[in-house]
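Single-letter residue listing:
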Amino acid sequence: MNIGFNEHRNQSENIEKMKSEKELLELTSNMYSKKTDLAWNNMLAEINQEAEGKVHGNFIFNPWFLKVAAGFLVLLGLTWGIWQILRPQRDTVRTLLSQREILLPDGSSVYLNGNSQISYPNSFASDSRKVFLRGEAFFKVKKNRNKAFIVETENAQIKVFGTSFNVFAPKGRNRVEVMVKTGVVGLASRGDLNDQLILHEGDFGLLDAGKTSIKSSPGENYLSWRTKVFRFKQESLQQVVSDINRAYVKHIELATDSLKTLQLTSTYYKVGFNTILESICLTFHLQQNQLEGKIILSKQK
Amino acid sequence: MVKQEEKQLLKALKKGDVKSFEFMFRFYYEPLLGYAQKIIKVEAEAEELTQELFLKLWRNRKTLSIKHSLAAYLYRSIYNSCMQWLKREKLSRQYQKDNIKQEVSEINPDEILKYEELNRKFFDLMEALPERRRLIFKMSRFQGLKYKEIAEMLSISLKTVEANMSKTLQYLRENLREYRIQ
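Bear in mind that the values here come from a model prediction, so they are computed numbers and not experimental data.

Reading the values: rules and limits
- Residues numbered from 1 in each chain as written.
- Chains lettered and ligands numbered in written order.
- Predicted model: local features only at pLDDT ≥ 70, side-chain atom pairs only at ≥ 80, totals over all residues.
- Heavy atoms only, no water.
- Helix = DSSP H or I, 4+ residues; strand = E, 2+ residues; numbered from the N terminus.
- Buried < 20%, exposed > 50% of the residue type's maximum accessible area, 1.4 Å probe, protein only.
- Contact = heavy atoms within 4.5 Å.
- Areas by Shrake-Rupley, 256 points an atom, 1.4 Å probe, with all protein chains shown as cover.
- Axes fitted to C-alpha atoms, helices over the stretch in contact; angles between N-to-C directions.
- Left-handed = near helix turned anticlockwise from the far one by under 90°.
- Nonpolar A, V, L, I, M, F, W, Y, C, P; charged D, E, K, R; others polar.
- Salt bridge = Lys/Arg side-chain N within 4 Å of Asp/Glu carboxyl O.

## Observations concerning the overall build of chain B
- Per the secondary structure count, chain B includes nine helices and zero strands.
- Taken from N to C terminus, the helices and strands of chain B fall in the order α-α-α-α-α-α-α-α-α.
- Counting all 182 residues of chain B, 46% fall into the buried class.
- Long-range pairs, those at least 24 residues apart, make up 65% of the contacts in chain B with a sequence separation of at least 6.
- Summed over its atoms, the accessible surface of chain B is roughly 10,500 Å², and 49% of this surface lies on carbon and sulfur atoms.

## What to know about the overall build of chain A
- Looking only at helices and strands, chain A has seven helices and 18 strands in total.
- For chain A, buried positions account for 39% of its 301 residues.
- Contacts in chain A between residues far apart in sequence, at least 24 positions, make up 42% of those at least 6 positions apart.
- With the model as given, the accessible surface of chain A reaches about 18,100 Å², and the carbon-plus-sulfur share is 54%.

## Structural notes on the packing of helix α2 (residues 18-40) of chain B against helix α3 (residues 43-59) of chain B
Residue and element names in this part refer to chain B.
- Relative orientation of the contacting elements α2 and α3 amounts to 145°, with a least axis distance of 9 Å. By crossing handedness, the relation of α2 to α3 is classed as right-handed. Counted together, Val18, Phe21, Met24, Phe25, Tyr28, Tyr29, Leu32, Leu33, Ala36, Gln37 and Ile40 of α2 and Glu43, Glu45, Ala46, Glu47, Leu49, Thr50, Gln51, Leu53, Phe54, Leu57 and Trp58 of α3 form the full contact between these two elements.
- Taken together, the residues of the contact of α2 with α3 break down into 16 nonpolar, three polar and three charged.

## A closer look at the pattern of salt bridges
- Within the structure shown, the criterion is met by 12 salt bridges over all chains.
- For the salt bridge of glutamate 220 of chain A with lysine 233 of chain A, the shortest nitrogen-to-oxygen distance reads 3.1 Å. Placement of the pair is glutamate 220 of chain A in the loop between β13 (211-215) and α4 (224-227) and lysine 233 of chain A in strand β14 (residues 229-236), with a sequence separation of 13 residues.
- For lysine 233 of chain A, a relative accessible area of 57% gives the class exposed.
- Measuring nitrogen to oxygen at the nearest pair gives 3.0 Å for the salt bridge that ties arginine 26 of chain B to glutamate 22 of chain B.

## Side note on unusual backbone geometry
Residue and element names in this part refer to chain A.
- Of note in this structure, asparagine 115 is not a glycine but carries a positive phi near 50°.
- Among the structural elements, asparagine 115 can be located in the loop between β3 (109-112) and β4 (116-121).
- Residue classification places asparagine 115 among the exposed residues on the basis of a relative accessible area of 56%.
- The phi dihedral of valine 249 is positive, around 55°, even though this residue is not glycine.

Put into structure tokens, the structure is as follows:
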């Protein structure tokens, strides 16, 4: 009798343990279940719809209204169809001497440097978001785990699901640089898409003549072309000029080789091009000469 | 969840932060749905009522004022809408009085409190975890990342992620063992 009683008590204790364990595991394990995912997608769609000002009401179920609405919709459909065929399906934005921020159809943003070009469809395909880049741009991609965001350049394919990163793919050169600010980025040569290099936050990836590799960080001013924050620490004037040119889409040249090795230690926090130029000239006693769109710096006489 | 976290979430929600709303939704959706289903026994309707509850929460986010706990608020709200629905059903078609009485007695307001307590204990235990383990656990359960993705993002091996998770789950299980939900 005693044995039976203990057994019974252990059993009900075990059942209690299982119940609370089950409860515990359930606390978080259903946050990403299919059911919750579906429900959340619905919820998100509802929220967005409301944000766009669509209103549901009983009026729309009136039969008279429905007949008129149906006819109207057919007309609308035809017009839309014709319009879709006639209008261009893709947009291409080109920059020359200025930088530009572009909003893509999925909410992602692209900050385009000068002398660059980006091409993208009016609305992304159902399975992926593809854009074509020539030059340099900083991408902030909206997270979508079901739709890869693909940047194609002349030689590379860069794939992400929701991150921010910099791509430098100058025209005519078989070289692509990718700097990852946040998230995870895949870099591959277009000639060998399966050999994908995975880059993490802070990584600097290179595609050179078809081969991918991770290089050491290229210096803290690599993203300054966008941020306009420069920290030069005993930096060669040659590098300084190169960084400034890239950030302001200008063409400064140093007249003599001896100037290239001069060292500059200075911080520029979001100031204008002219301010920096004057600061440099003052520091090294240089003078400016404009020639065919270039700014030539030489020693003052 | 821990009072602090909850306050921050509600603050963010007030400002219209969708991410915070998503976290709330994902955390409470299935538990509330299960609860509603126990009351009204019609799955499709329970889903709709639960969704409506969250929609209302979103719509009224700016003027919302939750005094005690988010869980208590949500459970009470869903309980009320279920009761309203049952009343309507009773009017529109035959519904036995006995049935309603039975279900009302099944719903124990203590159930809400117990869930809330388990909730709070769970979050307290989580905060006591070493930073790395807590991070991995959060990435898996709160961000829905797969173990492989976590391994990639943190530059560690898959085995390490698995080992961490199993240790964490074991630790949580052991510490909540005395906790009984009737």
